[in-house]
Amino acid sequence: MQIALFQPDIPQNTGTVLRLCACLEMAAHIIEPAGFPFSDRLFRRAGMDYLKHVSVTRHDSWPKFSAWRAAHGYRLLLFTTKGATNYLDFRYQTSDILLFGRETAGVTDEVVEAADARLVIPITPGLRSLNVAMSAAMAAGEALRQVRNPQV
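Residues numbered from 1 in each chain as written. Predicted model: local features only at pLDDT ≥ 70, side-chain atom pairs only at ≥ 80, totals over all residues. Heavy atoms only, no water.

### Let's talk about the pairing of strand E4 (residues 75-79)
This is how the line gets drawn: The buried label applies to any residue whose accessible area, calculated with a 1.4 Å probe on protein chains only, is under 20% of its type's maximum; exposed applies above 50%, and partly exposed to all values in between. A helix here means a DSSP run of H or I that spans at least four residues, while a strand means a run of E at least two residues long, and both kinds are numbered starting from the N terminus. At least two bridges found by DSSP between two strands are what make those strands a pair.
Across the five residues that make up E4, a large majority, five, are buried. Here E4 shows no split at all, with Arg75, Leu77 and Phe79 on one side and Leu76 and Leu78 on the other all buried. With three bridges joining them, E4 and strand E7 (residues 117-120) adopt parallel strand pairing. Note on E7: the bridge partner recorded for Leu78 is Arg118.

Printed below as a string of structure tokens:
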């Protein structure tokens with residue numbers, strides 16, 4: 001199970017997601033361009049000393065990430081406020097990549113079309129969205145619960 005961030009633009013969120021990946025033993029992918037340099041102090045501060053414990057792959061672009069994913073046969077699950085399936089009703093697999101969009105703009109239509117599933121975390125009507133790091137934690141928790149305890 002892996003987490004990918006599409007062109008993240010808030011360093012603190014990215015650092016927090018990478019910390020989550022370290023703690024849950026999940027590989028992380030950053031699909032460039034990011035809205036900040038990886039040396040950004042806010043990014044490092046949010047990730048703290050956990051960054052040395054996470055496997056991070058940086059992909060230069062969406063096409064390069066997409067080609068890499070296709071070559072490995074990973075399923076791509078896009079978490080989006082426009083998703084059709086409740087993330088709790090979906091059946092996860094160990095080879096899934098949980099994809100989260102840019103905080104300020106989401107993902108492109110090309111990314112939406114490439115996703116094998118579009119999942120939503122339901123929230124109170126009238127509110128925009130959850131923080132991307134919170135969404136990643138909720139999604140990872142449910143996905144890992146399912147694949148680590150298949151009888152549940």
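We are not done yet, so read on.
### Structural notes on the environment of Trp68
Filter applied, for reference: Throughout, a contact is declared for two residues whenever any of their heavy atoms are within 4.5 Å.
Secondary-structure assignment places Trp68 in helix H3 (residues 62-72). Exposure remark for Trp68: the relative accessible area of 22% places this residue in the partly exposed category. Distance from Trp68 to His53, taken between C-alpha atoms, is 23 Å for residues 15 residues apart in sequence. Beyond its immediate chain neighbours, meaning those up to four positions away, Trp68 contacts Gln2, His29, His59, Tyr74 and Ile97.

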